[in-house]
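# Chain and residue survey
Chain residues, written in single-letter form:
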Amino acid sequence: MSELRSRNLGISRRLLDLQELRYFTLRIIPELLNHFYIPKPLLHAFMNEGAFIFTDILMQATNMYIRMEGMKFYAFHGVLPQENLVGANYYIDLRLKTDFTCAAETDELEGTVSYADIHAVIKKEMQTSSKLLEHVCQRIASRLFKYFPTIESIDIALYKENPPMGACAQRIGVEASYRRD
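These figures come from a predicted structure and were not determined experimentally.

Counting residues in hydrophobic clusters, the biggest one holds 29 residues, and the most contacted among them are Leu-94, Ile-118, Met-126 and Leu-144. When residues in this core are grouped by element, the largest group, seven residues, is from helix H7 (residues 133-147). Every residue in contact with Leu-144, bar those within four places of it in the chain, is listed here: Leu-94, Leu-96, Ile-118, Val-121, Ile-151 and Ile-154.

This is the structure we're talking about:
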């Protein structure tokens, strides 16, 4: 009987420890849970309290990207005086590496980077005239890193529609990759 009581005490102590684990971040929990046997009713109790989101498969995302492609802006960039007077259409493709695990699990905007905020930063930078697209890309990346500390890296492509260079081309542009140091 005492052996049964001590086994039950051990189980309840383990359950108490698991209840304390619910305060850890969601990124630590899956790794810790691999080392414990957790009865399904206990997992469902955690789920019902809104502390965790579980599926039958524990997984971890290895790379997460926010992509924004084909953003169109009318701006005045270029070396020739005509380009600064007339302007042109520009297109931006953007890929941001960031960790949005929390947003994916909670369905809350606070756990990710807002697309609208990213667009607003890019729009503001596109309104500042520059001679070179390379310079515009660098300014955009610098501003995104400044305002969004969770961004780890940025891939950006900036294209100018129908540039005045005597060539038959829909778009000509540059691509650059940046990473936070």
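A separate point is the packing of aromatic side chains. Under the criterion given, the structure shown has one aromatic pair. Both rings, one in Tyr-74 and one in Phe-76, keep their centres 5.7 Å apart while their planes meet at 85°; by these two values the pair is edge-to-face. Judged by relative accessible area, which is 49%, Tyr-74 ranks as partly exposed. Residue placement shows Arg-95 over the ring face of Tyr-65; its charged tip is 3.9 Å from the ring centre. Directly above the ring of Tyr-91 sits Arg-171, whose terminal nitrogen or CZ lies 5.1 Å from the centroid.

Take the sheet that holds strand E3 (residues 151-161) next. Spatial ordering of the open sheet is given by E1-E2-E3-E4, a layout of four strands whose pairing is antiparallel. In this open sheet, the two edge strands, each paired with only one partner strand, are strand E1 (65-75) and strand E4 (171-179). Each strand axis lies, on average, 15° off the axis of its neighbour in the sheet, ignoring direction. Helix-sheet contacts for helix H6 (residues 115-126) involve E1, strand E2 (88-98) and E3, and the interaxial angle to E1 is about 35°. H7 contacts E2, E3 and E4 of the sheet and is inclined by roughly 150° relative to E3.

Attention now moves to a nonpolar patch on the surface. A grouping of Tyr-74, Phe-76, Leu-85 and Val-86 is seen on the molecular surface, where their side chains present a nonpolar patch of about 440 Å² in accessible area. Topologically, Tyr-74 is positioned in strand E1.

Okay, the side chain of His-77 next. Residue position: His-77 is located in the loop between E1 and helix H4 (81-86). A residue is classified by how much of its surface remains accessible, and His-77, at 1% relative accessible area, is buried. A polar contact is formed between the side chain of His-77 and the backbone oxygen of Met-126, at a distance of 3.3 Å. Contact partners of His-77, with chain neighbours within four places excluded, come to Glu-83, Asn-84, Tyr-90, Glu-125, Met-126, Thr-128, Ser-129, Ser-130, Leu-133, Val-136 and Lys-160.

This brings us to H6. The end-to-end C-alpha separation of H6 is 16 Å, in line with the 16 Å expected for 12 residues at 1.5 Å each. Taken as a whole, H6 has its buried residues at Ile-118, Val-121, Ile-122, Glu-125 and Met-126. Around the axis of H6, the buried residues are gathered within 135° of arc, so they sit on the same side. Residues of H6 that are exposed and angled more than 90 degrees away from the buried face: Ala-116 and Lys-124. Against the buried residues of H6 lie E1, E2, H7 and E3. Of the residues that open H6, the one with a side-chain oxygen 3.3 Å from the backbone nitrogen of Ala-116 is Ser-114.

Mapped onto the secondary structure, Lys-124 falls in helix H6. On the basis of relative accessibility, which here comes to 52%, the residue Lys-124 falls in the exposed class. Along the primary structure Lys-124 and Ile-140 are separated by 16 residues, whereas in three dimensions their C-alpha atoms are 9.0 Å apart.

Looking at the protein chain as a whole, the pLDDT averages 79, with 68% of positions reaching at least 70. Per-element averaging of pLDDT across the protein chain places helix H1 (residues 2-21) at the bottom with 47 and H7 at the top with 97. With pLDDT under 50 throughout, residues 1-16 is counted as low confidence; its partners more than four residues away or in other chains account for two contacts. Throughout residues 49-55 the model reports pLDDT below 50, and contacts reaching past four residues in sequence, or to other chains, amount to 17 contacts.

Calculation notes
Here, residues in each chain are numbered from 1, in the same order as that chain's written sequence. Per-residue local features of the predicted model are confined to residues with pLDDT of at least 70, and side-chain atom pairs are confined, for both listing and counting, to 80 or more; whole-chain, interface and lining totals are unaffected and use all residues. Hydrogens are left out, water is left out, and the side-chain values use all remaining heavy atoms of the structure. Side-chain atoms within 4.5 Å are what join buried Ala, Val, Leu, Ile, Met, Phe, Trp, Tyr and Cys residues into a set we call a nonpolar core. Partly exposed describes any residue whose relative accessible area lies between the buried limit of under 20% and the exposed limit of over 50%, with all areas from a 1.4 Å probe on protein chains only and scaled to the type maximum. By definition, any uninterrupted DSSP run of H or I lasting at least four residues is a helix, any uninterrupted run of E lasting at least two residues is a strand, and each is numbered from the N terminus. Here, residues are in contact when the closest pair of their heavy atoms is within 4.5 Å. Pairing of aromatic side chains requires ring centres within 6.5 Å, counting the rings of Phe and Tyr and the six-membered ring of Trp. Pairs whose planes differ by under 30 degrees are stacked, by over 60 edge-to-face, and all others tilted. When the NZ atom of lysine or the CZ atom of arginine is within 6 Å of a ring's centre and also within 35 degrees of its normal, the charge is said to sit over that ring. Note: two strands are recorded as paired if DSSP finds a minimum of 2 bridges between them. Only the stretch in contact is used when a helix axis is fitted, and all axes are lines through C-alpha atoms; the angle between N-to-C directions ranges over 0 to 180 degrees. Patches here: salt-bridge-free residues with over 30% relative accessible area, like charges joined within 9 Å, nonpolar side chains (Val, Leu, Ile, Met, Phe, Trp, Tyr) joined within 5 Å. The Shrake-Rupley method, run with a 1.4 Å probe, gives the accessible areas here. Residue values count only the displayed protein chains as cover. Should a side-chain nitrogen of Lys or Arg be within 4 Å of a carboxyl oxygen of Asp or Glu, the pair is scored as a salt bridge. We call two N or O atoms a polar contact when they sit within 3.5 Å, provided that within protein one can donate a hydrogen and the other can accept it, with sequence-adjacent residues counted only if both atoms are side-chain atoms. Here the expected length of a helix is defined as 1.5 Å per residue gap, with one fewer gap than residues. Our arc is simply the arc of the directions from the helix axis toward the C-beta atoms. Confidence of the predictor at the level of single residues is given by pLDDT, which spans 0 to 100.

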